[in-house]
2 protein chains.
Amino acid sequence: MFHELDKDNYFYAMSKDNEPKLKVNLGDTVKIESHDCFTGQITSEENAFNGFAWDQINPASGPVYVNGVKPGDILKVTIEKIDIGSTGVMVTGPEMGVMGNKLKDMNVRIFDVDNDKGSVDFDGLDIPINKMIGVIGVAPPNAEINNGTPDTHGGNMDSIKVAEGATLYLPVYQEGALFGLGDVHAAMADGEISVSGLEVEAEVTVKLEKAETVKTYHPVITDKDGVYMMVSDKDLNLAVDQSVHKMIELIQPHTGLSLSEITMLMSLVGHTQINQVVDPKKTARFFVPQYILEHYDIELN
Amino acid sequence: MFHELDKDNYFYAMSKDNEPKLKVNLGDTVKIESHDCFTGQITSEENAFNGFAWDQINPASGPVYVNGVKPGDILKVTIEKIDIGSTGVMVTGPEMGVMGNKLKDMNVRIFDVDNDKGSVDFDGLDIPINKMIGVIGVAPPNAEINNGTPDTHGGNMDSIKVAEGATLYLPVYQEGALFGLGDVHAAMADGEISVSGLEVEAEVTVKLEKAETVKTYHPVITDKDGVYMMVSDKDLNLAVDQSVHKMIELIQPHTGLSLSEITMLMSLVGHTQINQVVDPKKTARFFVPQYILEHYDIELN
């Protein structure tokens, strides 16, 4: 069945206490409208922060209650389509992102997004669009988690791999999962070093199912290139190490390889990568290419 | 002029006190033979560590003294060719690499490298060869640095980007630079999570010149895809942040962009990446694609 959810159904923290705004069944498809990460507060480059409410950022549309999904399940989210608006906003400023210690003033820029041409006009430089979803997740197990922070429930993972055609697997902690998404970017690179991608309004179409074979305590993505394990931690050193451990836990049982052998294999073909280094927790991802999954007949679904 | 250097000219620590084994002029080409990272001590999977000398790992062939290069210059090393042997060694064990806390025994595997086919035979799985140089650098400014450790002088950066066709830029600290390389891998992925790539003997042909426009305090690579800034630190968090700062210092002067503008641009197109997370210092790299350099007419050479 097909559903639509308006962008004015949103929340700023993932929580078991959020009231569902839509109830769907397993296998249903939902077109979810989302505000940009500023909840549409920035419409001009001048005086953008006059009256700006800093507690109204990173809205996620939802929550969507998925009938038949319970704690311990894995929610399978197929990203079928991402449509984005024709302008995007970026912000830099003191204490924001990797360069925040050198930036003296708040700056806002609004760039045109040419969806027909597939590029962003960065003052005459054409940057290819790479549409992706920054905030996507479910209600966490215990206390609420602000949408700005990523963790095992998803949240602000800011991964360029959460894109059209990808499938995201999320551990479920609450009845119905209480799924939501927002913070869509027209373009962003690994790291999101300024703390801002090109922030856009969007319509995202997702199919919601229950995973059959994937067992994970952290968000996992599959796409045409392979599989990614994503782990968030305040310390990137730990996030990277854990993303390797969790990937090996995910795939080793399917391979027949010893721990020593799969460690060697991962050293040769498994890549440590970074989603972002600017959120309250940083997110590492570990990538294993598709031909490895095919060789060992590993079906993740 | 063309030179050759035999693999029995090697050292285990980069140091201003190492005696040059070859003197060349700027613009000369050198074919450098190198042992594998075990200095050829492992020839069988059984009893590999009987009598193994752990202080004889990561030999770098050299040093090569480059006439006309002095402290403050940047050495430009063009990797013209990498030829590798037909077998490669891998090791895993307790306290080694990301999985070292779970591994109980030392394990050695020797895999065939099929240079004609372009693949490694991992027990029936064909892994594409990606030849790369693990240890490459010059004598550091002060005390010697063991070849196992990367830093501003290069060393054990373990970057898959130090490959055929790439150009590496290294800060020079000593008269003649005292250049060396070794630790070549037939295959390795970002992270080098087991602490071992597929370790091979090699012949590497490099051209040694002085950089004309590149100004850097850290190793820089250029290749057909773009430019990479590499920073090593015990803490990956700091290494990543500094790789971003240093890249912006390298390219901003060529762009006419303000710090705020280039921070936005880097957030959209500049990728935080990882060389390795298993050496005494971890190495981050920040990547900017070629079309950005072309748009701003940035010539790095």
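The preceding data block contains the structure.
As a starting point, this report considers the structure included with it.

1. With respect to the overall build of chain A
- Across its full length, chain A carries three helices and 22 strands.
- Radius of gyration (C-alpha) of chain A: 19 Å, near the 19 Å computed for a compact globule of 301 residues.
- When burial is assessed residue by residue, chain A has 62% of its 301 residues classed as buried.
- For chain A, the accessible surface area stands at approximately 11,000 Å², while carbon and sulfur atoms represent 44% of it.

2. Comments concerning the relation of the copies chain A and chain B
- In the superposition of chain A on chain B (RMSD 0.0 Å, axial shift 0.0 Å), the rotation amounts to 180 degrees. The symmetry that links the two subunits is that of a two-fold axis.
- Interface residue correspondence from chain A to chain B reaches 100%, placing this contact among same-surface, isologous pairings.

3. Notes on the pairing of strand E5 (residues 29-34) of chain A
All names here are of chain A.
- As judged from the four bridges shared by strand E1 (residues 2-5) and E5, these two strands associate in the parallel manner. The residue of E5 that forms the bridge with Phe-2 is Thr-29.
- Across six bridges, E5 lies against strand E18 (residues 202-210) in antiparallel orientation. Residue pairing for E18: Thr-29 is matched across the bridge by Lys-207.

4. Considering the layout of surface pockets
Residue and element names in this part refer to chain B.
- Approximately 430 Å³ is the volume attributed to the largest pocket.
- Around the largest pocket, the lining comprises 23 residues; the ones closest to its centre are Ile-57, Asn-58, Asn-156, Val-195 and Asp-279.
- Looking at side-chain class alone, the lining of the largest pocket contains 10 nonpolar, six polar and seven charged residues.

5. Section: the environment of Tyr173(A)
- As for its position among the elements, Tyr173(A) is in the loop between strand E16 (167-171) and strand E17 (179-185).
- Each residue touching Tyr173(A), except ones within four places of it in the same chain, is listed here: Pro71(A), Val138(A), Ala139(A), Pro140(A), Pro141(A), Thr152(A), His153(A) and Tyr217(A).

Conventions and cut-offs
Residues numbered from 1 in each chain as written. Chains lettered and ligands numbered in written order. Predicted model: local features only at pLDDT ≥ 70, side-chain atom pairs only at ≥ 80, totals over all residues. Heavy atoms only, no water. Helix = DSSP H or I, 4+ residues; strand = E, 2+ residues; numbered from the N terminus. Rg over C-alpha atoms; globule rule 2.2 N^0.38 Å. Buried < 20%, exposed > 50% of the residue type's maximum accessible area, 1.4 Å probe, protein only. Areas by Shrake-Rupley, 256 points an atom, 1.4 Å probe, with all protein chains shown as cover. Least-squares fit on C-alpha atoms with pLDDT ≥ 70 in both. Contact = heavy atoms within 4.5 Å. Pairing = 2+ DSSP bridges. 1 Å grid on protein atoms, 1.4 Å probe; cavity = no way out; pocket = protein on both sides within 12 Å on 5 of 7 lines; lining within 4 Å. Points joined across faces, edges and corners; volume = space filled by probe spheres on them. Nonpolar A, V, L, I, M, F, W, Y, C, P; charged D, E, K, R; others polar.

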